[in-house]
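Chain residues, written in single-letter form:
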Amino acid sequence: MCGIIGYIGNKEAGDILIEGLQKLEYRGYDSAGICVADEKSISRTRSVGKVESLKEKFALNKHKGTRGIGHTRWATHGAPLEKNAHPHSDLEEKIYVAHNGVLENYKELKDILQKKGYTFTSDTDTEVIPHLINMYKAEGVNIKEAIIKTVKCLTGAYGLAVIDKDEECLYAVKNGSPLVLGIGDGEMYISSDEIPLIGKVENTVFLSDGDIAEIRASEYQIFDINNFIVEREVNEIQNEAENISKEGFAYFMEKEIFNQPQSIKDSMRGRISKDNNEIIFGGLMDHWGKVQNATSINFIACGTSYHAGMVAAYNFENITRVSSRAEYASEFLYRHPVIDKSGIYVAISQSGETKDLLSAIEYIKKEGGTVMGLVNVVGSSISRITDFGIHIHAGPEIGVASTKAFTSQTLLLSMLAIKLAKDKGTLTKEEYIGIKNEILDIPRKIQKVLSCNDDIKKLAEEHSDKNNTLFLGRGVDYPVALEGALKLKEISYVHAEGYPAAELKHGVIALIDKDMPSIVLATKGTNINKVLGNVEEINARGGEIVMISDEDQDVFSHIPHTRISIPNTHPILTPILSAIPLQLYAYHSVVVRGRNVDQPRNLAKSVTVE
Ligand code: G6P
């Protein structure tokens, strides 16, 4: 949420910053700005809307300079207006700050500064920061000490990039919001994530909370809040440049949907031994005893990752017979839960930066619980604060609507479930091998599901005048129904609800009419005859029905419906296949409505505020 970029080196900073912001745009895109400095001057360009409009404006301003910072915004404090776009400056227009996060005590700080005569030009929480730095500098300390003093005043989450007209360096400060340094040859970057750095530098350094980095073109140093030098590990960038291009697809979401046979293979690579059928998770080896003896398994996540956690809770409880549940991280944290110290808490996140989840993990650890991570972004905050974990390895996901992360999360959690069930003896060796063989065949079956693309496109086009859609399912189909509804509403803005099919009769059925299609998931693992009853109820009220079910299912043939078949597989793996037609349906529903697929309004990919 909000993207920060910084550059210092020997090239024109402006172009580099804009290119970086375009790659970070999925983190927020309501306004953007950059600030560029040379030896004598510093200048800023800001613009409302996408980075493209900033680029056009910057081309007219032609500011020159080899260092600068930039920001793409997801508004928290203050509307998306130019005056609220970052970077924000002090009144002397010498110190500029780009901020990702939320300052909880900005009102108190603003009051103090206003009493001292500082005037404010924006509605943001961020603007207190350049004023505070200015205030401390005016008291006679150098820029680094002024930043340290300022940081000591701040409460909340922040990743900051700071530039001072009079200093040949940049500063990066991290507390709660992610920041990574890109280490080049005679040039350095600051970025919210690795993506803009791919193809630019080979090495990165992830900052830890409390770090303040002083960055020059050919060196950097990291300090703690007491001005003591701290060392941080240098990592090699692992992603390839093609992972962050659309590779001929119209949108990242489309690419990511069609990439799933491969992303699933990438997630399982090296994790199923050919010799002895073992499922191996390197990151769990030293902790397997804890997992094996867990008295409860608790999946905590947000958004789509939460739906993967719900699917897992159904599957784990079913086949391992260990009490399992899934909960939204935000709800979990604020209900002050009792932590099961002999249980396992599984934190699921694509980005590894979701603030609600980070806060929940901190709470669990403080209360003596054990947290396992299931995270896609290597080096992200969640991957570093969990006790141990599994990397999803689905490759970068850029489209705001999560697709391939969900299928890979569901796959890996199914693998973990059968590994645990085999060890606990709740699954026989034959059952285990049967499911394991089905897992190996999943990429081929995903490819088969993707071949229904044209039918789904046609359906989405037929539904282009529908403003409401219901997604229904029972058992493990229910979280998939929730995911289908989330996909549709978040990108196409069509009102959609996911519901347990049996709950229909407790109120929702009142909504059924010819203008409200019901997309019903009815796969083998669930009680098909009961779903049949629910479908009959919709049909009797003139509702349109779309069925997603296994290819050998024909109990619904007497009811008029549009059928989307998925290949037969083991029921615990069905959600990996049944989610894909729903992703395609959401995708085509946006395209047919002519809306922005990858950057839907009001959303951001990485939600770093609570
Ligand atoms: C945002 C994204 C969703 C994502 C959710 C959780 O809302 O738009 O696609 O599912 O955050 O993100 P995480 O990175 O923790 O999986």
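The structure presented is a predicted model; accordingly, all values stated were derived computationally and were not measured.

Reading the values: rules and limits
- Residues numbered from 1 in each chain as written.
- Predicted model: local features only at pLDDT ≥ 70, side-chain atom pairs only at ≥ 80, totals over all residues.
- Heavy atoms only, no water.
- Helix = DSSP H or I, 4+ residues; strand = E, 2+ residues; numbered from the N terminus.
- Rg over C-alpha atoms; globule rule 2.2 N^0.38 Å.
- Buried < 20%, exposed > 50% of the residue type's maximum accessible area, 1.4 Å probe, protein only.
- Contact = heavy atoms within 4.5 Å.
- Lys, Arg positive; Asp, Glu negative; His and termini not counted.
- Charge placed at Lys NZ, Arg CZ, Asp CG, Glu CD.
- Pairing = 2+ DSSP bridges.
- Axes fitted to C-alpha atoms, helices over the stretch in contact; angles between N-to-C directions.
- Phe/Tyr/Trp six-rings, centres within 6.5 Å; stacked < 30°, edge-to-face > 60°.
- Lys NZ or Arg CZ within 6 Å of the ring centre and 35° of its normal.
- Disulfide = S-S within 2.5 Å.

Looking at the overall build of the protein
Check the secondary structure of the protein and you find 18 helices and 25 strands. Its C-alpha radius of gyration of 25 Å places the protein within 12% of the 25 Å reference for a compact globule of 610 residues. A total of 610 residues make up the protein; the buried ones form 59% of that total. For the protein, the share of sequence-separated contacts (at least 6 apart) that also reach a separation of at least 24 residues comes to 71%. A distance of 2 Å separates the average location of the 68 positive side-chain charges in the protein from that of its 83 negative side-chain charges.

So, the pairing of strand β8 (residues 170–175)
Strand residues, when the strand is regular, have side chains that alternate between the two faces of the sheet. In terms of burial, β8 is largely enclosed, as 5 of its 6 residues are buried. Pairing of strand β7 (residues 156–164) with β8, which is carried by 5 bridges, proceeds in the antiparallel orientation. If you follow V162 over to β8, its bridge partner there is Y171. Two successive antiparallel strands, β7 and β8, enclose a turn made up of 5 residues.

What about the sheet that holds strand β18 (residues 344–349)?
Strand order in the open sheet formed by 5 strands is β17-β16-β18-β19-β20, with parallel pairing between adjacent strands. Edge positions in the sheet fall to β17 (323–328) and β20 (388–391), since each has one partner strand and no second. Averaged over all pairs of adjacent strands, the angle between their axes in this sheet comes to 20°, without regard to strand direction. Bridge count between strand β16 (residues 296–301) and β17: 6 bridges; the pairing is parallel. Within β17, the residue paired with F299 across the bridge is A326. Against the sheet, helix α11 (residues 355–366) touches β16, β18 and β19 (371–375), its axis set at about 165° to β18.

Comments concerning the packing of aromatic side chains
Enumeration over the complete set of coordinates arrives at 7 aromatic pairs. Ring centres of Y251 and Y587 lie 6.2 Å apart, and the angle between their planes is 70°; on these two criteria the pair is classed as edge-to-face. Taken together, the positions of Y251 in the loop between β15 (235–236) and α6 (252–258) and Y587 in helix α18 (residues 574–593) put the pair 336 residues apart, joining distant regions of the chain. Relative to Y363, the ring of F332 has its centre 6.3 Å away and its plane inclined at 90°; by these criteria the two rings are edge-to-face. Residue F332 is located in helix α10 (residues 329–334), and its partner Y363 is located in helix α11; the two are separated by 31 residues in the primary sequence. Directly above the aromatic system of F120 lies the positively charged group of K110, at a separation of 4.9 Å from the ring centroid.

Side note on the state of the cysteines
The bond known as a disulfide is covalent and runs between the sulfur atoms of two cysteines. All chains considered together, the criterion is met by 0 disulfides. Here C35 stays unpaired: no disulfide links it, and the sulfur of C169, its closest cysteine neighbor, is 14 Å away. The class for C35 is buried, based on a relative accessible area of 0%. Here C302 stays free of any disulfide, with the sulfur of C2 as its closest cysteine sulfur at 17 Å. Judged by relative accessible area, which is 23%, C302 ranks as partly exposed.

Looking at the sheet that holds strand β6 (residues 95–103)
Overall, antiparallel pairing links the 7 strands, which are arranged β5-β6-β7-β8-β12-β13-β14 in an open sheet. The sheet terminates laterally at β5 (88–89) and β14 (229–230), the two strands that pair on one side only. When β8 meets strand β12 (residues 211–215), the two strands line up antiparallel, connected through 5 bridges. Paired with K174 across the two strands is D211, which belongs to β12. Docked against the sheet, helix α4 (residues 128–138) engages β5, β6 and β7, running at close to 130° with respect to β6. Where helix α5 (residues 143–153) meets the sheet, its contacts fall on β7, β8, β12 and β13 (220–223), and the angle it forms with β8 comes to roughly 20°.

From the geometry alone we can't say anything about function, so treat these as descriptive.
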